[in-house]
Amino acid sequence: MPDQRTVSVLGLGAMGRALAGAALRAGHRVPVWNRTAGKDTDLVTAGARHTATPAAAISGSDLVIVCLLDHASVHSVLDPIAAELSDVAVVNLTSTTPGESRELASWARAHDIAFLDGGIMAVPDMIGGPAASILYSGDAAAFDSAQQVLELFGSAEFLGADPGLAAAHDFALLAAMYAMFAGFAHGAAMLRSAGVGAAAFAERAVPWLTAMTGSLPWQAQFIDSGDYRTSVQNLHFNKAALDAIVRAGREAGIAVDVLRPVKALIDEQVADGYGEQAFARIVEGLRG
Ligand code: FVH
C-alpha cells in the first residue's frame, strides 16, 4: 500500500459506518469510536480497530473524520481531546449550519487544529459510489493533503477558505429538495382526492420536474443580475396560475399550506408594483 494512512472515524451512525467502510476498503488503517457500544461490529470484522474513547481513536491519526448528530455533539466529543488534536487535520462531516461550521473552525484555530468542514450530498448507501458528492471548505492545505482519502467517499470539491461555505451549499441544496418534495406531496394529495395514486403521479412528475429544472440557469440570470425585466411569464401570469392552483386545492378539499408561502411571495411583489417582472423576483422578498 503506497499511501496507507490512519483515518480515524468518530461517530458510527449510518453515515459514519459508510465512511469508515470506504476508507477500510481502500486499505487504510481505520480506528473507530462510537458513544454507544456495538455499532462497530461489522467494521471490526472488516479490519477496523475498535477503540473505547475518542482519545484512543485519534492517537497517531493522519486524518480525523467526525460524523455525529449535530454541532453540540461535535463539541461534546472534540472539546475534551482538543490538545491531542493539535496539528492533526479534522474533517467535520456532521451537518451543521454555516454559522456553526465557522464557530467550529474558530475553535479549531484556537487549538492549532487544521479544520475542514464538509457537506455530504449523498445518503449512506451512495458513499464510495459515482453519485456521491461531498463539498468542503475551510483549510485549503488540509484539503490538499486529505483529498486522496476524501475522494474515496465521493467526488470531493473544495469551495473556498470560508468554513461556512460547504454548509451553506449543503443547506441551499437541501432547501430546494425539501420544497420540491413538499410540492410533490401537495400534488399527490390533490390527485388522491381524484382517485389517482401517488405512484401514477410520480411517473408523470419525474419527467415534468426534470424538464422544469432546465429553467434554473435562466432564473439564476435574473437573480444574479438583479434585472427582472421579462417578456414572458411575468408575475401577473404566475399570480393567476398560483391563485388557480390554490383554488383547485380548496375544491379538492385539501390544505394548501405548501403553496401559501409561494403565493404570499408572489402577491407581495405584485402589490409592490413588480407584476410585469419575472417570477425569480420573489427572491427579493426573502431578504431577512
Ligand atoms: N444519513 C444521511 O442520509 C445523511 C446524509 C447527509 C449528511 N447527514 C448527516 O450526517 C450526520 C450523521 O448522520 P447519520 O446518518 O450517521 O446519523 P445517525 O445514524 O443518527 O448517527 C448519529 C451519530 O451521532 C452520535 N451522537 C449523537 N449525539 C451524540 C453525543 N452527544 N455524543 C456523542 N455521539 C453522539 C450517535 O451515537 P450513538 O447514538 O450511536 O451513541 C451516532 O453515532 C448527521 O449530522 C446528518 O445530518 C447524514
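Right above here is the structure, for reference.
Below you will find a few notes about this structure. (Residues numbered from 1 in each chain as written. Predicted model: local features only at pLDDT ≥ 70, side-chain atom pairs only at ≥ 80, totals over all residues. Heavy atoms only, no water.)

In this section: the environment of A37. Mapped onto the elements of the fold, A37 is located in the loop between β2 (31–33) and α2 (41–45). As a C-alpha pair, A37 and M121 span 84 residues in sequence and 28 Å in three-dimensional space. (Helix = DSSP H or I, 4+ residues; strand = E, 2+ residues; numbered from the N terminus.)

Another aspect to go through is the packing of aromatic side chains. Under the criterion given, the structure shown has four aromatic pairs. Geometrically, the ring pair formed by F184 and F201 is stacked, given 4.9 Å between the ring centres and 5° between the ring planes. Placement of F184 in helix α7 (residues 165–193) and of F201 in helix α8 (residues 198–213) is noted, with a sequence separation of 17 residues between them. Among the aromatic residues, ring-to-ring pairing joins Y136, F143 and F158 into one connected group. The lysine or arginine in question, R281, covers the ring of Y274, its NZ or CZ lying 3.4 Å from the ring centre. (Phe/Tyr/Trp six-rings, centres within 6.5 Å; stacked < 30°, edge-to-face > 60°. Lys NZ or Arg CZ within 6 Å of the ring centre and 35° of its normal.)

For the rest of this paragraph, the subject is the site of the ligand. Around the ligand there are 23 residues in total, and M15, N34, T36, K39 and S95 lie nearest to it. For the ligand, an oxygen atom lies 2.9 Å from a polar atom in the backbone of M15. Between the ligand and L69 there is a distance of 2.9 Å, counted from an oxygen atom to a backbone nitrogen or oxygen. With the chains in place, 74% of the 900 Å² that the ligand exposes on its own is no longer accessible. Contributions of two or more residues to the shell around the ligand are made by α1 (14–25) and α4 (71–78). (Near = heavy atom within 4 Å. Polar contact = N/O pair within 3.5 Å; in protein donor to acceptor, adjacent residues only side chain to side chain. Areas by Shrake-Rupley, 256 points an atom, 1.4 Å probe, with all protein chains shown as cover.)

For α7, which comprises 29 residues, the first-to-last C-alpha distance of 43 Å matches the rise-based estimate of 42 Å (1.5 Å per residue) to within 8%. Of all the residues in α7, the buried ones are A166, A167, D170, H186, G187, A188 and A189. Those residues of α7 that are buried lie in contact with α5 (98–110), β6 (114–121), β7 (133–138), α8 and α10 (235–251). One or two residues past the end of α7 sits G195, with phi positive at roughly 80°. (Expected span 1.5 Å × (residues − 1). Buried < 20%, exposed > 50% of the residue type's maximum accessible area, 1.4 Å probe, protein only. Contact = heavy atoms within 4.5 Å.)

It is worth spelling out the pairing of β7 at this point. Buried residues dominate β7, accounting for five of its six residues. Pairing analysis gives six bridges linking β6 to β7, with the strands arranged antiparallel. What sits directly across from L116, in β7, is G138. Relative to strand β8 (residues 155–158), β7 runs parallel, the two being bridged by four bridges. (Pairing = 2+ DSSP bridges.)

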